[in-house]
Each structure stands twice: as C-alpha cells, then as structure tokens.
Amino acid sequence: MKILMLGWELPPHNSGGLGTACLQLCRALSRQDIDLEFVLPYDADHGIDFMKVTPAQPQGVASVIRSGIAYDSYKYVNEDGSEEWLNIYDQVALYEESVAVLVEEKEFDIVHAHDWLTFRAALRVKALKNCPIILHVHSIEADRAGSSFGNPLVHEIEATSFALADRIIAVSQHTKNCIMREYGVPGDKIEVIHNSIEGGDIAPLSDENAYKYLEVMRTLGYRVVVNIGRLTIQKGLTNLLLSAKEVIERAPKTLFLIVGSGDQYYELLTLAASLGIGDKVLFTDFQRGKNLRDAYKVADLFVMPSVSEPFGLTPLEAISFGTPSLVSKQSGVSEVLRNSLKVDYWDIDEMTNQIVSVVLSDSLRDELMRNCALEYNKLSWHDASTKVTQIYRDHHVGARS
Amino acid sequence: MTDTKAIVLYLHVHQPYRIRHYTVYDTAHNHNYFEAPYEDRRSNERILHKVAEKSYLATNTRLMAMLAENPGFKLSISITGTIIEQLERWSPQALKSFQDLFNTGRVEIVAETYHHSLAFFYSRAEFEMQVEMHKKKVQEVFGQTPRVFRNTELSYNNDLAVWADRAGYKGILTEGWDPILDWRTSNFVYRPTYTNQIRLLMKNYKLSDDIAFRFGNHDWAEFPLTADKFSHWLSEDENATNFNLFMDYETFGEHNWHESGIFGFLEHLPKEWLKTDGHSFMTVSEVIDTFEPVDVIDVPQTITWADTERDLSAWLGNPMQSTSIQQLYDLQDRVISTKDLALIEDWRRLQTSDHFYYMCTKYFNDGDIHAYFSPYETPYEAYINFMNAYRDIIYRLTEHGVMT
C-alpha cells in the first residue's frame with residue numbers, strides 16, 4: 001500500500017510539535033510496511049531513510065527556503081536567481097499547484113494530509129485522482145486563536161475539507177469534540193488517535209547544563225518552573241505569569257524559564273516586569289538543540305497552561321528528561337497522561353496552589369516523576385500507527401473491491 | 001537693567017558602556033557584559049572611535065582655535081567617568097585634546113556622577129561615592145576641581161539643591177522648564193529654595209535646542225540659522241544677564257554632521273557675539289560670581305532636560321525600567337560587602353542611565369529620537385540583555401556567599 005503524505009514541516013526545520021509528530025508517526029508506519037512519500041513545501045536535508053521526502057516546488061523555482069520558525073516567511077529563489085517572499089495564503093495556493101503537478105505521474109492509494117495548510121492540496125488530488133483522502137488534525141483554527149473564531153479564511157478551508165474528507169483523524173478527544181462543535185462534522189467520521197512519543201529520539205545530554213545560573217540557584221534552594229512553546233494566546237502564558245506572581249509571593253525562591261518566541265513575546269516580557277517579577281522570569285527566545293533539552297532538564301516542574309491544546313507533546317518530552325508536569329485540562333495530553341497535575345487554564349488560584357505545592361515539596365515532585373516515568377516507558381507510536389494502518393485498510397480501494 | 005550680557009555655553013560629554021547581546025546562556029558563564037565584537041553595532045570601542053573622530057577631535061580642534069582667536073571666549077564642560085575611561089583606552093588622542101582645552105584655563109569642568117547614574121534617587125551613599133569618584137578622576141586627568149554640580153540628565157529637585165549646597169558647590173544646573181519658571185525667564189541667576197549659598201542656572205531650552213535640535217531642520221522657519229542672526233536674537237532681550245546654552249557635546253559633529261554647517265556656526269558665534277560692548281562669554285562659576293540671584297526657585301518634583309515631559313519618564317516610565325533599576329539598587333549592600341572591585345565596578349556600570357533609556361517604550365513606534373540613540377532594535381531587547389547581566393551579578397554574589 002502506498003501513501004502520499006502531505007505535510008508542512010519536519011524536524012529539524014520545525015516550529016513546534018507538528019513536525020515532530022509527523023516524523024515519529026511516519027517512522028512507526030514504515031515499520032508496519034507502509035510505503036510512504038512525504039511531500040513538503042520546501043527543500044532541506046532531513047537525514048531520513050525510512051521514507052521518501054519530496055519538495056513540492058513550483059515550476060521555475062530553484063529552491064524554497066524556510067526562514068527561522070515563522071509559518072509565514074518562505075523565500076522562493078527562482079531559477080533566474082531572483083528571490084521573492086510569499087505570505088502564507090500564497091504559499092498554500094502554490095503548494096496546492098505544485099502538488100497537483102507532482103501527482104500527475106505518481107501512483108499511490110491514499111492521501112494522508114496534516115493540518116489545514118495541506119488540506120487544499122489534498123482536495124485537489126482527490127479531484128484529480130479520485131483517491132481517498134484522510135485528514136489528520138493536529139490543531140484547528142479555534143485552538144490556535146485561543147478559543148475564538150479565528151481567521152475566517154482558514155476556518156473556511158477547514159470546514160470545506162472536513163466535509164469532503166473520507167476520514168478524519170483527531171489527535172485527541174478534545175480535538176474531536178472541537179471539530180464536531182465548530183464544524184458540525186458527525187462523530188463517526190472522526191477517529192481519535194492520540195499522539196505518542198519515542199524516547200529514542202532524544203539525544204543524550206552533556207554534563208554542563210546551558211542554564212548554569214538556574215543550576216546554581218537550585219543549589220541555594222531555588223526551584224525552577226519551565227514552559228516551552230510558542231508565545232501565543234493559545235498557550236495561556238498570561239495566566240501562567242499571573243500565577244507566577246502569586247507563586248513567588250508564597251515561595252520566593254521560585255524561578256520561571258520561558259522558552260520560545262511568538263507574537264506575545266514583548267507583551268509577556270512587559271507583563272512580567274509590570275508584575276514586579278522581571279528578575280525571576282527568564283526569557284530565552286526560540287531555542288533548539290542543547291539549549292532546548294537543557295531547559296527540560298533544569299526544570300523541577302514543566303507547566304503547559306494552554307487555553308486549548310489539541311495534543312501537546314512537550315509534557316511527554318519533559319518526562320523523558322526527568323521532569324514532571326502540570327498541564328491544562330484543555331489539552332489532549334491530559335487524556336493520556338495520568339500522573340501529572342492538571343488544572344483548568346483559567347483557574348489561576350489552583351494553578352498557583354499546585355505550582356507552590358511542587359516547588360515547596362521535593363517529595364511531591366519526585367513521586368510525580370517516579371509514576372509518570374512508568375507511564376512514559378509504556379508509551380510508543382506503535383499503537384497509534386497500528387490504528388492508522390487500519391484506517392488505511394478501510395479506505396484502500398483495491399482491498400475493498 | 002544691565003549692560004552686561006553673557007553667553008554661558010555648557011557642553012556635556014558622555015558615552016555609556018553599552019551592554020552587548022548577553023543571553024541567559026551567558027549568565028553565570030562569563031561576566032563580559034560590555035565588550036561586543038568590534039563589528040557589532042553595540043561595540044563601545046567602535047562607537048567611541050566614530051564619535052571621537054566626528055565630534056570630539058573635530059570640535060576640540062575648533063574650540064582651541066576659537067579660544068586663541070577670541071580672548072573673551074570661554075565655556076564649561078562636564079565629562080563623565082565612563083567616557084574618560086573609554087578615551088584613555090581607545091582614543092588617547094581625543095583625551096589629549098580635552099586636556100589641552102582645560103589647560104587653557106578658560107574651560108571650567110562641571111561635577112557629576114562618575115557613572116552618569118540616577119543614584120541620587122535610589123541611594124544617597126552610592127550617589128555620594130560616585131560624585132567623589134568623579135571628582136578624583138577629573139582632578140587626576142584634567143587638574144581641576146569642579147565647583148558647580150549637574151546631576152545626570154540635568155535631573156533636579158529641591159532635595160538635590162540642598163544636598164549640593166551642603167556639599168559646598170557654588171552652583172547647580174538644571175532645565176529652565178516653563179511650569180517651574182512661570183512668568184520668569186531662564187536668563188538670570190537664581191537661588192534654590194531652602195538654600196543660602198548655592199546658585200541655580202537654568203537652561204534656556206529654546207535657544208539651546210535651536211542649535212542642538214533645530215539647526216539642521218530644513219522645515220524650520222528660521223532655517224538656516226547663522227551666528228549673526230542668533231546673536232541678534234540674544235541682543236534683543238534687554239533685561240537678560242545670561243543665556244544658558246546647555247547641550248550635549250555630540251551636538252557638534254555627531255547629532256549635527258559636519259555637512260550641516262554646525263562647525264561654521266560654532267566658529268562664528270564668538271566673533272558675532274563679542275562685536276558688541278558688554279557682551280561676553282562666562283563659565284558657570286563666573287556667571288554665579290558676577291550676578292546676584294533675582295529670585296528663589298522651588299522644584300518639589302523632579303525635572304530633567306528630556307522629552308516634552310521634562311521628567312524621569314524616559315528612564316523610569318515603564319515597568320521594565322522602574323523594576324529593573326530598583327532591583328539593581330536592591331543589591332547595593334551585598335555588592336559593596338564583597339569588596340570585589342571588578343564586581344562593584346560592573347554593578348556601577350549597569351547603573352548608567354542610558355541602559356534604562358534604551359528600554360523606553362514612549363514613542364517607540366514613532367521611531368523617534370529614542371530609537372536614534374539606542375544600539376538595540378527594540379526596548380525589549382535592551383531589557384533582556386540588562387536582566388541577564390543583572391542575574392549574572394546575582395550569580396557572582398552567590399559565589400561570594402552573600403546571596404541567600
């Protein structure tokens with residue numbers, strides 16, 4: 001069975017969890033003898049050997065270069081050497097055109113597309129080749145917009161695509177509920193397949209932690225609370241900072257490390273200063289590699305206070321570095337992770353209560369960690385990929401006939 | 001009524017130690033806050049080379065010639081400890097040119113804090129230490145003991161005047177701000193309220209800004225400004241005794257480039273002004289010795305020479321500024337107790353008011369004068385660098401065992 005997979009990013013050129021989830025799912029699928037070709041909107045060396053990765057390049061374009069982490073900055077270098085930058089809608093439209101050209105000479109059984117950025121291309125392929133399309137929903141516009149309506153153009157693409165999809169995979173019950181609520185899609189069209197994590201993907205740590213200041217302060221009795229993610233409204237960091245002020249009042253030896261960038265960066269920076277906790281909240285900007293891994297490791301508690309989080313891989317990554325988590329109940333990961341603290345994202349008092357409890361009690365921290373580590377060891381992408389493979393079989397035209 | 005009219009030209013020389021791109025990953029790893037690579041826009045050495053060439057050397061050459069040609073020409077200069085250090089290190093030639101100026105005996109040096117800080121508003125002990133450091137430094141480098149005081153950014157209030165009076169200064173400088181002067185003008189000598197001996201000189205901001213800010217503005221109705229037109233304006237004020245022209249030294253050659261004609265204006269000003277009998281130039285001490293105070297000035301709130309607000313809001317107006325400076329001064333007792341001179345000096349360099357000015361978000365979106373003077377892309381970047389350096393100071397305190 002051959003699957004044409006349409007995606008927007010893969011590590012190391014990923015801005016967040018989407019690329020990581022795609023890569024790990026694909027690796028698990030390849031172990032189930034699924035033949036995969038992954039089409040990306042840009043060129044890069046991914047060092048991937050278990051599937052074919054193809055850049056979808058428009059005609060006359062020599063290369064498409066992704067800049068930094070932003071979704072909306074792609075540089076197109078034309079064959080004549082000229083360059084141009086395209087906005088996100090133009091990129092989505094161009095990706096659709098490129099995929100349409102690309103599939104003319106390709107044979108495959110099913111199209112599996114990840115998130116709205118690739119859904120238009122999936123619909124186009126369905127129209128051209130009359131093949132089944134499976135849409136994999138890692139987040140919907142209402143999540144990204146922090147529970148409001150969001151961008152109407154994106155909303156429309158999602159609504160149309162969900163209506164025309166043969167099958168929809170949601171990364172959590174939370175997301176399935178959102179799709180049903182926001183788009184009126186019947187529940188039996190949507191399969192929940194939780195994301196997972198592969199411990200083997202995590203590189204070994206070197207001895208010297210990048211956050212030496214935090215390590216030194218820990219030896220003086222300070223405790224460190226870490227958040228990693230985009231600094232956008234969806235991630236609920238305003239509430240975390242409001243809680244941080246309360247935490248520091250009750251447990252002054254608490255430091256907060258905020259790793260990431262986004263449109264709220266300066267707003268949050270100013271908020272921390274306004275709350276009088278600017279000395280205890282460290283902002284690092286976007287990080288990857290060692291600086292990212294060491295942030296997980298230096299933490300006593302990882303907090304993911306998202307307003308709406310379809311899945312949320314970071315708390316699982318935190319466990320792999322020996323750090324327990326506090327997650328919002330509005331996250332998909334809270335459905336699968338039993339041994340973590342959980343709080344409604346709006347409940348700042350309770351968030352404060354739980355953070356204070358951990359930073360003042362190493363035994364609570366250690367017991368949480370001991371138990372979530374047991375859960376973590378059982379996690380694998382195998383179950384998820386088995387479920388995905390079953391969906392492929394259900395929709396494989398040749399198998400049905 | 002008086003027959004005598006004096007121009008009191010006072011120039012302020014300062015450069016801070018700008019903080020380099022200093023991240024969380026530098027904190028506790030290295031204590032190098034101020035040394036950016038030479039090609040970096042935040043390189044203090046590079047900026048100093050540029051401003052020394054375009055402004056200090058170019059202007060001092062002309063000032064020396066003006067002093068030689070015009071026996072009546074005099075001026076006053078304040079020069080911070082941080083810029084003297086930088087000149088010693090990176091431009092001995094420019095330092096020599098300042099020494100030559102002071103050696104003429106017709107250039108008076110003005111007292112201030114060594115680190116161009118706002119310490120007066122946070123710690124009297126630290127403030128007095130920095131004033132003393134500055135006094136020692138200028139005695140050593142320029143052979144003069146200052147008798148008139150100016151606080152950073154001409155910040156001033158009644159408390160400062162009382163302090164300066166008790167410290168033995170004969171004069172103090174500040175902004176001639178209209179709400180303070182009310183119906184009066186800045187063109188006289190005044191006495192601060194609650195004092196007896198000390199005298200107050202207030203900047204004539206309109207005339208000063210004609211030179212410092214409007215000189216090169218082609219849209220200004222008075223453009224182009226010439227020395228004879230400017231002298232004529234001053235002559236028309238029949239009652240005035242002294243015109244206090246206070247401005248940044250970098251007005252000449254840096255804020256107004258050579259091409260604007262600013263040096264031609266400067267060179268012609270004494271020639272034009274001294275043509276008339278009774279017209280003179282005086283240093284800040286001379287004007288205080290010559291004229292009696294005409295009234296008492298009461299400044300209960302703090303004023304400065306900055307922005308339309310003329311207050312400290314350019315340095316302390318937003319929470320990033322007001323909290324970070326407070327947090328820095330909160331470390332004072334612990335920093336001093338270490339007796340670690342390198343640490344104490346770094347802590348003092350972080351007090352330089354420019355760091356807080358770079359964090360200013362007032363008018364940030366307009367890309368105005370604040371942006372012009374900042375080596376950072378945004379006020380937030382300035383804050384991030386500063387706080388990472390601040391936390392490194394805390395780390396060093398932990399190494400000394402004085403942070404718990």
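Here is what the cut-offs are and how they apply
- Residues numbered from 1 in each chain as written.
- Chains lettered and ligands numbered in written order.
- Predicted model: local features only at pLDDT ≥ 70, side-chain atom pairs only at ≥ 80, totals over all residues.
- Contact = placed C-beta atoms within 7 Å.
- Helix = DSSP H or I, 4+ residues; strand = E, 2+ residues; numbered from the N terminus.
- Axes fitted to C-alpha atoms, helices over the stretch in contact; angles between N-to-C directions.
- Parallel < 35°, antiparallel > 145°, perpendicular 65-115°, else oblique.
- Left-handed = near helix turned anticlockwise from the far one by under 90°.
- Nonpolar A, V, L, I, M, F, W, Y, C, P; charged D, E, K, R; others polar.
- Buried ≥ 20, exposed ≤ 12 C-beta atoms within 10 Å, placed from the backbone.
- Pairing = 2+ DSSP bridges.
- Right-handed = clockwise from strand over helix to strand, strands pointing away.
- Domains from an automatic or database assignment.

**Focus on the interface of chain B and chain A**
Move 1: The interface of chain B with chain A comprises 19 residues on the first partner and 18 residues on the second.
Move 2: Looking at the side of chain B that touches chain A, the elements that each hand over two or more residues are helix H12 (319-330) and helix H17 (379-399) of chain B.
Move 3: In terms of residue count, H17(B) provides more of the side of chain B that touches chain A than any other element does, 8 residues in total.

**Thoughts on the packing of helix H8 (residues 227-236) of chain B against helix H9 (residues 262-273) of chain B**
Residues and elements named next belong to chain B.
Move 1: Where H8 meets H9, the closest approach of the two axes is 8 Å, and the angle between their N-to-C directions is 45°. It follows that H8 is oblique to H9 by the angle criterion. The chirality of how H8 crosses H9 is right-handed. Between H8 and H9, the contacting residues are Ala-227, Asp-228, Phe-230 and Ser-231 on the first element and Phe-265, His-268, Leu-269, Glu-272 and Trp-273 on the second.
Move 2: Class assignment of the residues belonging to the contact of H8 with H9 gives a composition of 5 nonpolar, 2 polar and 2 charged.

**A few points about the pairing of strand S15 (residues 325-328) of chain A**
All names here are of chain A.
Move 1: The alternating pattern of S15 places Ser-325 and Val-327 and Leu-326 and Ser-328 on opposite faces, both of which are buried.
Move 2: Note that strand S14 (residues 301-304) and S15 share 3 bridges and pair parallel. Bridge pairing in S15 links Val-303 to Leu-326.
Move 3: In this fold, S14 hands off to helix H11 (residues 314-320), which returns the chain to S15; that crossover is right-handed.
Move 4: Both S15 and strand S16 (residues 341-343) contribute to a ladder of 3 bridges, which runs parallel. Following the sheet pairing, Leu-326 is matched in S16 by Leu-341.

**A short note on the sheet that holds strand S12 (residues 254-259) of chain A**
Residues and elements named next belong to chain A.
Move 1: Ordered in space as S13-S12-S11-S14-S15-S16, the 6 strands form an open sheet in which the pairing is parallel. Because the sheet does not close on itself, it has two edges, and the strands there are strand S13 (281-283) and S16. Averaged over neighbouring strand pairs, the angle between their axes works out to 20° when direction is ignored.
Move 2: Where strand S11 (residues 223-228) lies against S12, 6 bridges are found, and the strand directions are parallel. Bridging across to S12, Asn-227 finds its partner in Ile-258.

**Here's the deal with the domain arrangement of chain A**
All names here are of chain A.
Move 1: Assigned domains of chain A: these are domain 1 (2-196 + 381-400) and domain 2 (200-378).
Move 2: Counting residues at the interface gives 21 residues for domain 1 and 17 residues for domain 2.
Move 3: Counting only elements with at least two residues in the side of domain 1 that touches domain 2, the list comes to helix H1 (17-30), helix H4 (141-144) and helix H6 (173-183).
Move 4: With 4 residues, the single largest contributor to the side of domain 1 that touches domain 2 is H1.
Move 5: For the side of domain 1 that touches domain 2, a count of residues per class yields 5 nonpolar, 14 polar and 2 charged.

**A closer look at the sheet that holds strand S5 (residues 171-175) of chain B**
Residues and elements named next belong to chain B.
Move 1: Pairing within the open sheet is parallel, and its 3 strands lie in the order S4-S5-S7. Every other strand in the sheet has two partners, leaving strand S4 (148-150) and strand S7 (199-203) as the edge strands with one partner each. Shown here is a sheet whose adjacent strand axes are inclined to one another by a mean of 30°, direction ignored.

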